[in-house]
Amino acid sequence: LNSIEEHIELARKELAKDLKENGSTKAYYDHHKELIDVDDQEFISSLHLKRIGFYPDEKDEFVIFDFTVDKNATDYMIVVVFDSEISFVRIDIES
């Protein structure tokens, strides 16, 4: 927990990379772009961190960051998963 801000920034960097690679983040942006007034360049910084989940018994899904465009406008989240070594695992869209 001492470096949680660094881990949040790491999650945002993975989202930015995924957006450029037309991954799940791009799909999430395309689905929600009418709800937000930002272009894809500003999208990552506009995401709100809704929840951080810690799963100490799960080596492959140790920490999960849930981001949303607007917690009141959508039930969908873009989720960034890291393992117990804080290595990036994947990005998913969840509701």
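Overview of the packing of aromatic side chains
In this structure the tally under the stated criterion is four aromatic pairs. For the ring pair Phe65 and Phe82, a centre distance of 5.8 Å and an interplane angle of 90° mean the geometry is edge-to-face. A residue pair is termed long-range when its members are at least 10 positions apart, and Phe65 in strand S2 (residues 63-68) and Phe82 in strand S3 (residues 77-82) qualify at 17 residues. Ring centres 6.1 Å apart and planes at 70° place the aromatic pair Phe82 and Phe88 in the edge-to-face group.

Details of helix H1 (residues 4-20)
With 17 residues, H1 extends 25 Å from end C-alpha to end C-alpha; this agrees with the ideal 24 Å at 1.5 Å per step. Where H1 is concerned, the buried positions are Ile4, Ile8, Ala11, Arg12, Glu14, Leu15, Asp18 and Leu19. The arc that holds every buried residue of H1, seen down its axis, measures 155°, which confines them to one face. Turned more than 90 degrees away from the buried face of H1 sit Glu6, Lys13 and Lys20, all of them exposed. Residues of H1 that are buried in the fold lie against helix H2 (24-32), helix H3 (40-46), strand S1 (48-54), S2, S3 and strand S4 (88-94). Downstream of H1 by one or two residues, Asn22 has phi in the positive range, about 60°.

Rules used throughout
Counting of residues starts from 1 at the beginning of each chain's written sequence and follows it residue by residue. Totals for whole chains, interfaces and linings use all residues, but because this is a predicted model, local features are given only for residues with pLDDT of at least 70 and pairs of side-chain atoms are given and counted only at 80 or more. Side-chain metrics in this entry use all non-hydrogen atoms of the structure; hydrogen atoms and water are not considered. Only Phe, Tyr and Trp rings are paired, with Trp represented by its six-membered ring, and only when their centres lie within 6.5 Å; those with planes under 30 degrees apart are stacked, over 60 edge-to-face, the remainder tilted. By the criteria applied, helices consist of DSSP H or I runs no shorter than four residues and strands consist of E runs no shorter than two, each listed in order from the N terminus. By this rule, a helix spans an expected 1.5 Å times one less than how many residues it contains. To sort residues, take the accessible area from a 1.4 Å probe on protein chains only and compare it with the maximum for the residue type: under 20% means buried, over 50% means exposed, and anything in between is partly exposed. The directions considered for the arc run from the helix axis to the C-beta atoms. What makes two residues a contact is simply this: any of their non-hydrogen atoms within 4.5 Å.

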